[in-house]
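What follows is the residue order along each chain.
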Amino acid sequence: MEGHLKNIYILEACSHLIRLLIYHIRWLIARFSNRYIDTYKCLVGKTAIITGGSTGLGYATATMLASRGCKIIIATNIECEAEELNLIEATNNPNITTKYLDLSSFASIRQFVEDVKKTETKIDFLVNNAGVALIPEIVSKDKLNNVMQINYFGHFLLTHLLIDELKAAESAHVAFVASSSAYCNQADFHQINELPKENHQITSEEIFQYYTFSKLCVIIAVQEFGKHLNKKYGITVNAVDPGILNTNIVHNVLRNEAPRAWFFKILFHFLLTLYSTDVFQAAKNTTYVLTADDINNGDYYFQCKPIFKPHYAYNPEFCEEIWKRSQTIVELTPDEKLS
């Protein structure tokens, strides 16, 4: 019996490796085909919310949208007055503001939405960009896995709470920032809120699993949001893969002192050397998804083209279960659910 189970595990491991190799080859073909498309549509009169818009990809996306006349609301939990002023000066667009948002707290997310409703009658673009991989507080203010909450649950709740403002816009677009690391996750439902045991020192492998599962859930949520919101309200929802970026997430991984962290440090140095993408180049992908007219709702975009998704995203039962568990975890009221 043990030998039979061992053979099953070996076959499963081999199938995951083969699938990952195929994904990687296809991703490399897309990576080096340079398919970025510049869009210059006038966005005067449009309003965008960008989580984590003060640094990295979020800042680059804010710059591109603001330079086309879009009003920008940067949602962040850090002081970024200097970045806001730099953005105004760089784009010659005074319609840039910052609002406080702590994605590790559902109460903060609800307060943020109330603040938005006081000043905005519609939201044209919602960019769920903020993300973390390695943070000191692994348990969130809501007693959840903090990587999952910031990368996934927080944006899941935020999108639900802003639906009325998105509906009020003409052809609103929502973009979730995902990651090619989602292909590396061997999905298991218990990961949706897996917390480390007390006094347990978290390993690099566990950190990597938290991050990859959060990004897999993002891709699945985009599909489900797309089904619910596009046909009913004309809201387009997509996931975007920015590629490998030299941002704070990578820097934190490289400073990681968790057990066996050396492997991931070597891996990230290797990936950055060969495949890193400039954040402003990557922001063209997000900008394209938000502003182009021929976007396929619910798809996953890389370099301005839809690409294949992780194979778990093609399992309807798995996706439905992730959606239902997410609704329960973020404590949506019956009126807030999109059933």
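So, here is what we can say about the structure in this document. These numbers come from a predicted model, not from an experiment. Position labels on residues start from 1 in each chain and follow its written sequence. Given that this is a predicted model, residues contribute local features only at a pLDDT of at least 70 and side-chain atom pairs are listed and counted only at 80 or more, while totals for whole chains, interfaces and linings are drawn from all residues. Computation of side-chain values: all heavy atoms of the structure, hydrogens and water removed.

As for helix α4 (residues 106-119)
The criterion, for reference: Every helix listed is a DSSP run of H or I at least four residues long, and every strand listed is a run of E at least two residues long, numbered separately from the N terminus. Here a helix's expected span is defined as the number of its residues, less one, multiplied by 1.5 Å. With a 1.4 Å probe rolled over the protein chains alone, any residue whose accessible area is under 20% of its type maximum counts as buried; one over 50% counts as exposed, and the rest are partly exposed. Regarding the arc, it is the one traced by the directions from the helix axis to the C-beta atoms. In this description, contact between two residues means that some pair of their heavy atoms is separated by no more than 4.5 Å.
For α4, built from 14 residues, the straight-helix expectation of 20 Å at 1.5 Å per residue is met to within 8% by its first-to-last C-alpha distance of 21 Å. F106, S108, I109, F112, V113 and V116 are the residues of α4 that are buried. Down the axis of α4, the sector holding all buried residues measures 155°, keeping them to one side. Of the exposed residues in α4, those oriented more than 90 degrees away from the buried face are A107 and K118. In this fold, the buried residues of α4 make contact with β1 (47-51), β2 (71-76), β3 (96-100), α5 (146-161) and α11 (316-329).

Some points on the nonpolar core
Defined as follows: Take the buried Ala, Val, Leu, Ile, Met, Phe, Trp, Tyr and Cys residues and link them wherever side-chain atoms come within 4.5 Å; each set so joined is a nonpolar core.
Residues I49, Y152, F153, F213 and F225 are the most contacted members of the largest nonpolar core, which totals 66 residues. In terms of residue count, the dominant contributor to this core is helix α7 (residues 204-233) (11 residues). With residues near it in sequence (within four places) discarded, F153 still touches F106, L144, M148, I192, S326, I329 and V330. The next biggest cluster of nonpolar side chains, apart from the first, holds 16 residues, and it includes Y59, A66, I96 and F125.

Considering the sheet that holds β3
Basically, it comes down to this: What makes two strands pair is DSSP finding at least two bridges between them. Fitted lines through C-alpha atoms give the axes, limited to the stretch in contact for helices. The angle between two N-to-C directions lies from 0 to 180 degrees.
Spatially, the eight strands line up as an open sheet ordered β3-β2-β1-β4-β5-β6-β9-β10, and their pairing is mixed. A strand with exactly one partner marks an edge of an open sheet, and here the two such strands are β3 and β10 (305-307). Sheet twist, expressed as the average angle between the axes of neighbouring strands with direction ignored, equals 30°. One ladder, built from five bridges, connects strand β5 (residues 173-177) with strand β6 (residues 236-241); its direction is parallel.

Some remarks on the pattern of salt bridges
Spelled out, the test is: We define a salt bridge as a side-chain nitrogen of Lys or Arg found within 4 Å of a carboxyl oxygen belonging to Asp or Glu.
Within this structure, the stated rule accounts for 12 salt bridges. Of the charged contacts, one joins K41 and D293 as a salt bridge, the two residues approaching to 2.8 Å between their closest N and O atoms. With K41 in the loop between α1 (2-31) and β1 and D293 in the loop between α10 (279-291) and β9 (300-302), the pair connects residues that are 252 residues apart, well separated along the chain. Of the residues examined, K41 reaches a relative accessible area of 35% and is grouped as partly exposed. For D293, a relative accessible area of 71% corresponds to the exposed category. Between K324 and E320 there is a salt bridge, with the nearest N and O atoms lying 3.2 Å from each other.

A few points about the pairing of β6
Every other side chain in a regular strand lies on the same face of the sheet, so the side chains alternate between the two faces. Most of β6 sits out of view: six of its six residues are buried. The alternating pattern of β6 places T236, N238 and V240 and V237, A239 and D241 on opposite faces, both of which are buried. Here three bridges tie β6 to β9, and the two strands are oriented parallel to one another. The residue bridging D241 from the neighbouring strand is F302, located in β9.

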